[in-house]
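Now for the letters of each chain:
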Amino acid sequence: MKKLKLDIVGLSYSQTQSGAYALVLGEVNGNRRLPIIIGGFEAQAIAVEIEKMTPSRPLTHDLFKSFADAFSIGLEEVLIYNLVDGIFFAKIVCNTAGKLLEIDARTSDAVALAVRFGCPIYTYDFIMASAGIVIENNDFAFLENISAASSTESTAPEQQDEQPTPTPASPYASLTDEQLENTLQKAIANEQYEAAARIRDEIERRKS
């Protein structure tokens, strides 16, 4: 089966499902996007690494990376290999002593590890054809419109729904740029990574 390489193109807070986030993976050299609903903890783990935040203590995925490095275990790739009843299935391909091993993982955890190891993320063409969304003119406003049905993190409920929802005003919109930066640093120091991610979103919105 044909494999497609993916990049992370967006991570958006879900306004319709409390504690959920939409992770959007984009087809390299293509205009299709794969939205996946993930839990808040995994979203924070991905955002912390992408934004190069430095937690005061290592997160679970950071611990896994340190453990793997200590025992010379590399991560070759992440593969999202199946989609059944709206649930994505993924695996991480590890390299230890020249031997490749495949380990089953939730897609959210696999992506959180991929950004730490700097390894590629792939999926199969049939998955992108089934669940992908075609985006024209690089318009990523759709990130705010992704929602999902109710889910349970323990059963890897990575599903997507394309119903649009209104976007409320940011609670940080009234702060000055200096206040935003100070609030961001305090959030990171207090390990409030969800708040830190939203503050970063407001800072990036002002820069764009």
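See the structure shown above.
Residues numbered from 1 in each chain as written. Predicted model: local features only at pLDDT ≥ 70, side-chain atom pairs only at ≥ 80, totals over all residues. Heavy atoms only, no water.

In sheet architecture, strand pairing relies on hydrogen bonds along the backbone and comes in two forms, parallel and antiparallel. With mixed pairing, eight strands are arranged side by side in an open sheet as β6-β5-β4-β7-β1-β2-β3-β8. Each of the sheet's edge strands pairs with one partner strand only, and the pair in question is β6 (99-105) and β8 (133-134). Bridging between strand β3 (residues 32-39) and β8 involves two bridges; their strand directions are antiparallel. Considered in β8, the bridge of Arg 33 is made with Ile 133. Along the sheet face, helix α1 (residues 40-50) touches β1 (3-13), β2 (20-27) and β3 and points at about 120° away from the line of β3. Seen against the sheet, helix α3 (residues 107-117) touches β1, β2, β3, β4 (73-84), β5 (87-96), β6 and β7 (121-124) and runs at an angle of roughly 150° to β4. (Pairing = 2+ DSSP bridges. Helix = DSSP H or I, 4+ residues; strand = E, 2+ residues; numbered from the N terminus. Contact = heavy atoms within 4.5 Å. Axes fitted to C-alpha atoms, helices over the stretch in contact; angles between N-to-C directions.)

Our next topic: the packing of α1 against α3. Closest axis-to-axis distance for the α1/α3 pair is 9 Å, and the angle between their directions is 15°. In terms of their interaxial angle, α1 and α3 are classed as roughly parallel. Between α1 and α3 lies a crossing whose hand is left-handed. Of α3, the residues touching α1 (which contributes Glu 42, Ala 45, Ile 46, Glu 49 and Ile 50) are Ser 108, Asp 109, Val 111, Ala 112, Val 115 and Arg 116. (Parallel < 35°, antiparallel > 145°, perpendicular 65-115°, else oblique. Left-handed = near helix turned anticlockwise from the far one by under 90°.)

What characterises a pair of aromatic rings is the spacing of the ring centres plus the angle enclosed by the ring planes. Going through the model one piece at a time under the given rule, you end up with three aromatic pairs. The interplanar angle of 15° and the centroid separation of 6.2 Å between the aromatic rings of Tyr 124 and Phe 126 together place this pair among those described as stacked. In this arrangement the basic side chain of Lys 3 is found over the ring face of Tyr 122, its NZ or CZ atom lying 4.6 Å from the centre. Its end group placed over the ring of Tyr 81, Lys 91 keeps NZ or CZ at 5.1 Å from the ring centre. (Phe/Tyr/Trp six-rings, centres within 6.5 Å; stacked < 30°, edge-to-face > 60°. Lys NZ or Arg CZ within 6 Å of the ring centre and 35° of its normal.)

Shape descriptors only; they carry no functional weight alone.
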